[in-house]
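Topology and contacts: notes
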Amino acid sequence: MKTEMYLALGISPRVAALGEEILAGLEERFKAIDETAEYNQAKVLLAMQKNRVSAECLTGTTGYGHDDKGRDTLERVYADVFHTEAALVRPALTCGTHALATALSANLLPGDELLSPVGRPYDTLEEVIGIRPSPCSLKEFGVSYRQVDLRPDGTFDYENIKNAINEKTKLVTIQRSKGYQMRPSFSVKEIGELIAFIKRVKPGLTVMVDNCYGEFTEETEPSDVGADMVVGSLIKNPGGGLAPIGGYIAGKQACIDRCHYRLTAPGIGQDVGASLDVSRSLYQGFFLAPTVAAGALKGAIFAANLYERLGFACVPNGRESRHDIIQSIRLGSKEAMEAFCSGIQAAAPVDSFATPVPCPIPGYDDEVIMAAGAFIQGASIELSADGPIRPPYAVYFQGGLTWAHAKIGVLMSLQKLYEKGLVSL
Ligand SMILES: *Cc1c(COP(=O)(O)O)cnc(C)c1O
């Protein structure tokens, strides 16, 4: 039965059989993922019950959005899930980069220095910070930037981090997920150790964690281990595939207050910001997010084990523990990246007939290829693959609203490589 359905989708028996063989070895891992999902489901449910989410919260407001109960309650729910004093969760935060830029520019003043102790930040932040020149960058406003690279083995360079912290250092940014790099993603525990070290060197520093793609992959979040702000995008994990737009910043009240003033206007802060018609999706998506993240994790682990078997280097590898939903697979050539992405595209529920081609994208330095046929445009919690066209020609695979769909997508990517003669089975 399944073979017939797979054939109808274009997946050959040979590819499907290899998939089943790989899956047989993953039972234990999948069980552990289900347990994390159950824990996180309870965490979200409790936060919704505690804050008395009601039918009224699901309706929206327009205009100024004064007294928007749904918006304010959702921010309380996020704060409780992340165990923080406050949160800012809104459609007015247009994406993850915007949320990060808001958190940074709200909490840095001219003369302050920003430090990244984990190497270069995500591509789009280079212009936010001013590593690549841009109008309105932090650099233009007199905020300097310093970076300490990871050691060759991917661990923190504590000695140089200590040396980099000076009297100007005000805020430290730590990116949990690898982004478009081949370095490992950090566990919440590792992030906690780094934060403790940094705060011993200079107590008073503000630590922000770029939490994109990490939410709900573990039972704790960076805000449980000392981060003053955690920041992410609602078209990734915490939106659960339903949020049509948005970002969040959860953290210390004093930091979040400044973020509200930066996002809207000094003096106004959190009191304005109509939620329009998105509240229901933000609540429902957050409710589903632990399960959706679990399905995406299973897809990533399946992909790593399958592609490793075929001789491709994967980060993380097939056995490592997971701290985000991203799977990078080093395909080694532009052709293989294109074939992989065409398979992901062909497996999509929307725009399955399209062909992904590499092109320039604002905020990114190299041409990028992206495969996604998503209900929410650009949502990378949905089945998607992307990567900059540069050595080592790695694709970054992520998402899948259900595990079954993630599995189909991975098989379809292999099918295309197989058809193009880029792998032999
Ligand atoms: C996706 C991502 C961002 C930026 O989010 P956008 O919503 O694409 O602007 C920042 N940091 C990391 C690690 C990401 O994965």
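Please read all numbers here as calculations on a predicted model, not as lab measurements.

1. A word on the environment of Glu-219
Within the secondary structure layout, Glu-219 lies in the loop between β5 (206-210) and β6 (229-233). With near-sequence residues (within four places) excluded, Glu-219 lies in contact with Glu-35, Thr-36, Tyr-39, Asn-40 and Lys-43.

2. Some points on the site of the ligand
Around the ligand, the structure places Cys-95, Gly-96, Thr-97, Leu-100, Tyr-122, Gln-175, Asp-210, Cys-212, Tyr-213, Ser-233 and Lys-236. Contact distances for the ligand include 2.7 Å between an oxygen atom and a backbone N or O atom of Gly-96. Protein chains shield 91% of the accessible area of the ligand, which is 370 Å² for the free molecule. When atom positions are compared with the pocket grids, the ligand is found to occupy the largest pocket. Considered class by class, the residues forming the shell around the ligand number five nonpolar, four polar and two charged.

3. Brief notes about the sheet that holds strand β10 (residues 368-372)
The strands that make up a sheet pair up through hydrogen bonds in the backbone, lying either parallel or antiparallel. Ordered in space as β8-β9-β12-β11-β10, the five strands form an open sheet in which the pairing is antiparallel. Among the strands making up the open sheet, the edge pair consists of β8 (313-315) and β10. Averaged over all pairs of adjacent strands, the angle between their axes in this sheet comes to 20°, without regard to strand direction. Taken together, the three bridges between β8 and strand β9 (residues 327-330) define a ladder with antiparallel strand orientation. Within the sheet, the bridge partner assigned to Cys-314 lies in β9 and is Ile-329. Taken strand by strand, helix α10 (residues 279-309) contacts β8, β9 and β12 (394-398), and its axis lies near 15° from that of β9. Along the sheet, helix α11 (residues 334-346) contacts β9, β10, β11 (384-388) and β12; its crossing angle with β10, the most-contacted strand, is approximately 25°.

4. Regarding the packing of helix α3 (residues 27-50) against helix α4 (residues 69-81)
Where α3 meets α4, the closest approach of the two axes is 9 Å, and the angle between their N-to-C directions is 135°. When the axes of α3 and α4 are compared, the pair comes out oblique. When you trace α3 past α4, the crossing you get is right-handed. Here Lys-43, Val-44, Ala-47, Met-48 and Lys-50 of α3 come into contact with α4, specifically with Val-77, Asp-80 and Val-81.

5. A short note on the pairing of strand β7 (residues 247-251)
Burial runs high along β7: five of the five residues are buried. Residues Gly-247, Ile-249 and Gly-251 point to one face of β7 and Tyr-248 and Ala-250 to the other, with burial holding for every one of them. Here five bridges tie strand β1 (residues 86-90) to β7, and the two strands are oriented antiparallel to one another. The residue of β7 that forms the bridge with Leu-88 is Ile-249.

6. Things to note about the domain arrangement of the protein
Each assigned domain of the protein is listed here: domain 1 (2-41 + 287-419) and domain 2 (63-276). Placing a centre on the C-alpha atoms of domain 1 and another on those of domain 2 gives a separation of 27 Å. At the junction of the two partners, domain 1 supplies 40 residues and domain 2 supplies 34 residues. Approximately 3000 Å² of surface area, both sides summed, lies buried where domain 1 meets domain 2, with 60% of it carried by carbon and sulfur atoms. Contact with domain 2 buries surface across domain 1, with His-323, Tyr-364 and Ile-376 losing the most and accounting together for 21% of the total. Counting every contact that joins domain 1 to domain 2 gives one salt bridge. In this structure, Asp-123 and Arg-390 form a salt bridge, with 3.9 Å as the shortest nitrogen-oxygen distance. Linking domain 1 with domain 2 are 13 residue pairs in polar contact (both at pLDDT 80 or more).

Rules behind the numbers
Residues numbered from 1 in each chain as written. Predicted model: local features only at pLDDT ≥ 70, side-chain atom pairs only at ≥ 80, totals over all residues. Heavy atoms only, no water. Helix = DSSP H or I, 4+ residues; strand = E, 2+ residues; numbered from the N terminus. Contact = heavy atoms within 4.5 Å. Near = heavy atom within 4 Å. Polar contact = N/O pair within 3.5 Å; in protein donor to acceptor, adjacent residues only side chain to side chain. Areas by Shrake-Rupley, 256 points an atom, 1.4 Å probe, with all protein chains shown as cover. 1 Å grid on protein atoms, 1.4 Å probe; cavity = no way out; pocket = protein on both sides within 12 Å on 5 of 7 lines; lining within 4 Å. Sits in = over half its atoms within 2 Å of the grid points. Nonpolar A, V, L, I, M, F, W, Y, C, P; charged D, E, K, R; others polar. Pairing = 2+ DSSP bridges. Axes fitted to C-alpha atoms, helices over the stretch in contact; angles between N-to-C directions. Parallel < 35°, antiparallel > 145°, perpendicular 65-115°, else oblique. Left-handed = near helix turned anticlockwise from the far one by under 90°. Buried < 20%, exposed > 50% of the residue type's maximum accessible area, 1.4 Å probe, protein only. Domains from an automatic or database assignment. Buried area = accessible area lost by both parts, 1.4 Å probe. Salt bridge = Lys/Arg side-chain N within 4 Å of Asp/Glu carboxyl O.

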